[in-house]
Amino acid sequence: EERCAATLGEWSNDTRAEITLRQLLTLTGGLPSGQLGRPPTYAQSVSTPVRDAPGTRFQYGNPPFQVFGEIMRRKLRAAGRDGDPVAYLRARVLDPIGVTVDRWRRGTDGLPFLPHGAALTARDWGRFGQWVLDGGQGVHGATLAACFEGTAANPGYGLTWWLLRPGLVPPGSRTDLDAAVQAFGEGEDIVMAAGAANQRLYLLRRRGLVVVRQASGILEAMAGRGPVWRDAEFLRALLGASRP
């Protein structure tokens, strides 16, 4: 619940002063969505003015995650540590659970993109998903329950996780998440991490299942070309007659 302005002094005296870290990461802080697929730099994101009052509207996009990167960078450097957020993530979470990221895209400022840009195998992404499904066990007393709490602005989005629940506000018009919620929003308890080109990490929490879907043709898919992906259709095929 800490205010972002506690670290970002330049936010202290304007309309961004009340934005909390929770609002930033649930994409309800009021920042605009920006251009998908092309994150601004950390500095550009921090200088972005808000569009809506904090907590009132869900805006899916890049700037909030880049702002979080800058907050992490400043906090780490103030603690006398390497200011690279990905280096911290690796040391704090990924290395202890045995997950390897092959590469991570960076911006013109040399800092890692946080909205997207990580490349890893299906096995490693699945291992990360299993760690989340298990509640973050074995890593510094982690508790991940807050990741799956929706907001009034979007009951279907937590801390970077999509929650297939009634009221979900989808990221755009090219998804069928509404249909997936109608089909599986009651009883299945499905949460999902979504990547470019409709790559997916589903956690079927009631069933104890982790399902990874990777894709090629990422640039084409982001431009609206290539095969159509339907979450509801895939989940119907996955669960089939085993549905209760």
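Data block above holds the structure.
Reading the values: rules and limits
Here, residues in each chain are numbered from 1, in the same order as that chain's written sequence. Whole-chain, interface and lining totals are the exception, using all residues; otherwise, since this is a predicted model, local features are given only for residues with pLDDT of at least 70 and side-chain atom pairs are given and counted only at 80 or more. Note: side-chain values were computed over all heavy atoms of the structure, leaving out hydrogens and water. We count a stretch as a helix when DSSP gives it H or I for four or more residues in a row; a strand needs E for two or more, and each element gets its number in order from the N terminus. The buried label goes to any residue with under 20% of its type's maximum accessible area, the exposed label to any with over 50%, and the partly exposed label to all in between, with areas taken from a 1.4 Å probe on protein chains only. The criterion for strand pairing is that DSSP finds at least two bridges linking the strands in question. Here, two residues are considered to be in contact whenever any of their heavy atoms come within 4.5 Å of each other. Whenever a helix is involved, its axis is fitted only over the stretch in contact; in every case the axis is a line through C-alpha atoms, and angles between N-to-C directions fall within 0 to 180 degrees. Helix span, as expected, comes to 1.5 Å for every residue beyond the first. Pairs were defined over the aromatic rings of Phe, Tyr and Trp, the Trp ring being its six-membered one, requiring ring centres within 6.5 Å. Orientation was assigned from the angle between planes: stacked under 30 degrees, edge-to-face over 60, tilted for the rest. Both a distance and an angle decide whether a charge sits over a ring: NZ of Lys or CZ of Arg must be within 6 Å of the ring centre and within 35 degrees of the ring normal. Pairs of N or O atoms are called polar contacts if they sit within 3.5 Å, as long as, within protein, a hydrogen donor faces a hydrogen acceptor (for residues adjacent in sequence, only side-chain-to-side-chain pairs). To form a nonpolar core, buried Ala, Val, Leu, Ile, Met, Phe, Trp, Tyr and Cys residues must be joined to one another through side-chain atoms within 4.5 Å. Angles below 35 degrees are treated as roughly parallel, those above 145 as roughly antiparallel, those between 65 and 115 as roughly perpendicular, and all remaining angles as oblique. Residues are grouped as follows: nonpolar covers Ala, Val, Leu, Ile, Met, Phe, Trp, Tyr, Cys and Pro; charged covers Asp, Glu, Lys and Arg; every other residue, Gly included, is treated as polar.

A. Geometry of the environment of A43. With respect to the helices, strands and loops of the structure, A43 is situated in helix α2 (residues 42-46). A relative accessible area of 58% means that A43 is categorised as exposed. For the pair formed by A43 and A6, sequence separation is 37 residues and the distance between their alpha carbons is 17 Å.

B. Examining the sheet that holds strand β6 (residues 209-213) more closely. Spatially, the 4 strands line up as an open sheet ordered β3-β4-β5-β6, and their pairing is antiparallel. Looking at strand neighbours, the two that pair on one side only are β3 (162-163) and β6, the edges of this open sheet. Of the pairings in the sheet, the one linking strand β5 (residues 199-204) to β6 comprises 5 bridges and is antiparallel in character. Looking across to β6, one finds that L204 is bridged to L209. On the sheet, helix α8 (residues 231-239) packs against β4 (190-195), β5 and β6 and is oriented at approximately 50° with respect to β5.

C. The arrangement of helix α5 (residues 122-133) in detail. The terminal C-alpha atoms of α5, which comprises 12 residues, lie 16 Å apart, in line with the 16 Å expected from a rise of 1.5 Å per residue. Listing the buried residues of α5 in full gives D124, W125, G126, G129, W131, V132 and L133. On its buried face, α5 is in contact with α4 (85-97), β4, β5 and β6. Remark: G135 follows α5 within two positions and exhibits a positive phi of approximately 85°.

D. Structural context of the packing of aromatic side chains. For the structure on display, the rule yields 8 aromatic pairs. With a centroid separation of 5.6 Å and 50° between ring planes, the pair formed by Y60 and W162 is classed as tilted. Residue Y60 is located in the loop between α2 and α3 (63-78), and its partner W162 is located in strand β3; the two are separated by 102 residues in the primary sequence. On the basis of relative accessibility, which here comes to 3%, the residue W162 falls in the buried class. In textbook terms, an aromatic cluster arises when at least three aromatic residues are bridged by ring pairs, as seen for F58, Y60, Y157 and W162. The ring of W229 carries the charged tip of R213 above its face, separated from the ring centre by 3.9 Å.

E. Fine view of the side chain of T28. Positionally, T28 belongs in the loop between α1 (21-25) and α2. A polar contact of 3.0 Å, which involves the side chain of T28, links it to the side chain of T26. Setting aside anything within four residues of it in sequence, one finds T28 in contact with Q23, A53, P54, G55, T56, R57, F58, T151 and A153.

F. Geometry of unusual backbone geometry. In this structure, L27 takes a positive phi of about 60° despite not being glycine. The residue L27 is located in the loop between α1 and α2 in this model. The phi angle at T160 is positive, at roughly 75°, despite the residue not being glycine. Topologically, T160 is positioned in the loop between α5 and β3. According to the relative accessible area criterion, T160 is partly exposed, its value standing at 35%.

G. Seen up close, the nonpolar core. Of all hydrophobic cores here, the largest spans 46 residues; its most connected members are W161, L164 and Y202. Listing elements by their share of this core, those giving two or more residues are α4, α5, β3, α6 (177-184), β4, β5 and α8. Those residues in contact with Y202 that lie beyond four places of it in its chain are I190, V191, M192, L209, V210, V211, W229, D231, F234 and L235. Grouped together as the second largest cluster of nonpolar side chains are 11 residues, C4, A5, I19 and V67 included.

H. Fine view of the packing of α4 against α5. Close contact between α4 and α5 brings their axes to 10 Å; oriented N to C, the two are set at 105°. Comparing their axes, α5 and α4 come out roughly perpendicular. Counted together, V93, L94 and I97 of α4 and R127, F128 and W131 of α5 form the full contact between these two elements. The residue makeup of the contact of α4 with α5, split by class, is 5 nonpolar, no polar and 1 charged.

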